[in-house]
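Notes for the structure review
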Amino acid sequence: MRTLVDSFGRHIEYLRVSVTDRCDFRCFYCIPKGYNDFEQRDSQLDAAELTRLVRLFTELGVNKVRLTGGEPLVRRDLPQMARAIGALPGVRDLSLSTNASRLAEAAGALLEAGIGRINVSLDSLRPEVFREITGGDLNAVLRGLAEARRVGLAPIKINMVVMRDRNLEEVGEMVDYCLENGFTLRFIETMPVGAAGARASERYVDLEEVRQRLAARYSLESALMPGGGGPARYARIAGSDLKIGFITPMSRHFCDTCNRVRLSAQGVLYLCLGQEDRLELSPLLEQGADDETIKAAISQAMQRKPQRHEFEKGVVNTARLMSMTGG
């Protein structure tokens, strides 16, 4: 089988597919308040086109696919798309990132479509703080998480972006919540992606501070996630099954082992979250390019994948919103 290898010898095996840039929340570190300038729906690829592109990536060695957004559940054909992608021979792992606002209604269909693992963005357990950060309804998210657990989606990972003067004081509460519900917890540093992310970075917290807070309250042990934990470095609460991940793109970047690229709903392949290097695939689809032509373009583009982002240098190289690529 052909494989995707960039100019730094990194094997690209993980594709994140943003099925829409639209979202029903307005997390202030992702989408600016009042923003409504989303891509037109007729500019996004249909389910068959996205599935075809994912198939071509799998034929080049990608075996792990995550469906993301925006909020992927605002796309009505998501379960059907997930089923088609999950049926591709090369897909070993199919997962979903969501804000869980619509998960209570969709959890069963997602499980039936072949999605197992889900990541849920949950930055606060306090309704007023949650609304301040996201503009959304915390109760809807908690209902979605409860239903996902009930139907058997697993593992369920909670992603908490830690921000000073917003939710830093809640990290212990989030640990207790995940202990109670059997969820995996991951803390994430803010990243200066787009204008909203750059402003949110003023509330940046080095996750070493979070680790120290937790170590004063719990006994932490080193841990690994089965099958690999991606960019997170994990610890376990002693005497429990709770694993806590620390995702540190700013304080301790993980670019040297980056194995992922991102595909937008408009057919744009982004080679790095923190840079603008890209390949426009939709023109090839419109021109009727055959599979081998598209795969050759993808392979050539990998040679332009940057060595790393420059977040920690205070350099903001991305104008696009985080919702276009799903983080």
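Residues numbered from 1 in each chain as written. Predicted model: local features only at pLDDT ≥ 70, side-chain atom pairs only at ≥ 80, totals over all residues. Heavy atoms only, no water.

Focus on the pattern of salt bridges
Any two side chains of opposite charge can pair, given that their charged atoms come close. Counted by the stated rule, this structure contains 19 salt bridges. The residue K295 makes a salt bridge to E59 at a minimum N-O spacing of 2.9 Å. In this pair, K295 sits in helix 10 (residues 291-302) while E59 sits in the loop between helix 1 (47-58) and strand 2 (64-68), placing the two residues 236 residues apart along the sequence. When its relative accessible area of 6% is taken as the criterion, K295 is described as buried. When the shortest N-O distance is used, the salt bridge between R117 and D93 registers 2.6 Å. (Salt bridge = Lys/Arg side-chain N within 4 Å of Asp/Glu carboxyl O. Helix = DSSP H or I, 4+ residues; strand = E, 2+ residues; numbered from the N terminus. Buried < 20%, exposed > 50% of the residue type's maximum accessible area, 1.4 Å probe, protein only.)

Brief notes about the pairing of strand 6 (residues 184-188)
The element strand 6 is extensively covered by neighbouring structure, given that five of its five residues are classed as buried. Pairing geometry for strand 5 (residues 156-161) and strand 6, over five bridges, is parallel. Within strand 6, the residue paired with K157 across the bridge is T184. Following the backbone out of strand 5, through helix 6 (residues 171-181) and into the adjacent parallel strand 6, one traces a crossover that is right-handed. Bridge count for strand 6 against strand 9 (residues 243-247) is four bridges, and the pairing is parallel. Its bridge partner lying in strand 9, R186 is registered against G245. (Pairing = 2+ DSSP bridges. Right-handed = clockwise from strand over helix to strand, strands pointing away.)

So, the nonpolar core
With 94 residues, the main nonpolar core has L67, I158, F187, V210, L281 and I298 as its most contacted residues. In this structure, V210 is in contact with V162, L168, V171, F187, V205 and F246, ignoring residues within four places of it in sequence. (Core = buried A, V, L, I, M, F, W, Y, C linked by side-chain atoms within 4.5 Å. Contact = heavy atoms within 4.5 Å.)

Notes on the packing of aromatic side chains
Here the distance between the centres and the angle between the planes together describe a pair of aromatic rings. Overall, the coordinates contain four aromatic pairs when judged by the stated rule. Judged by centre distance (6.0 Å) and plane angle (40 degrees), the rings of F187 and F246 are tilted. Placement of F187 in strand 6 and of F246 in strand 9 is noted, with a sequence separation of 59 residues between them. Judged by its relative accessible area of 3%, F246 is buried. The positively charged end of R211 is found above the aromatic ring belonging to F246, 4.2 Å away from the centroid. (Phe/Tyr/Trp six-rings, centres within 6.5 Å; stacked < 30°, edge-to-face > 60°. Lys NZ or Arg CZ within 6 Å of the ring centre and 35° of its normal.)

A word on the side chain of T98
Tracing the sequence through the fold places T98 in strand 3 (residues 93-98). The class for T98 is buried, based on a relative accessible area of 6%. Here E71 takes part through its side chain, which lies 2.9 Å from a polar atom of the side chain of T98. Among the polar contacts listed, one links the side chain of T98 to the backbone nitrogen of A100, at a separation of 2.9 Å. Discounting chain neighbours no more than four positions away, the residues touching T98 are E71, L73, N119, V120 and S121. (Polar contact = N/O pair within 3.5 Å; in protein donor to acceptor, adjacent residues only side chain to side chain.)

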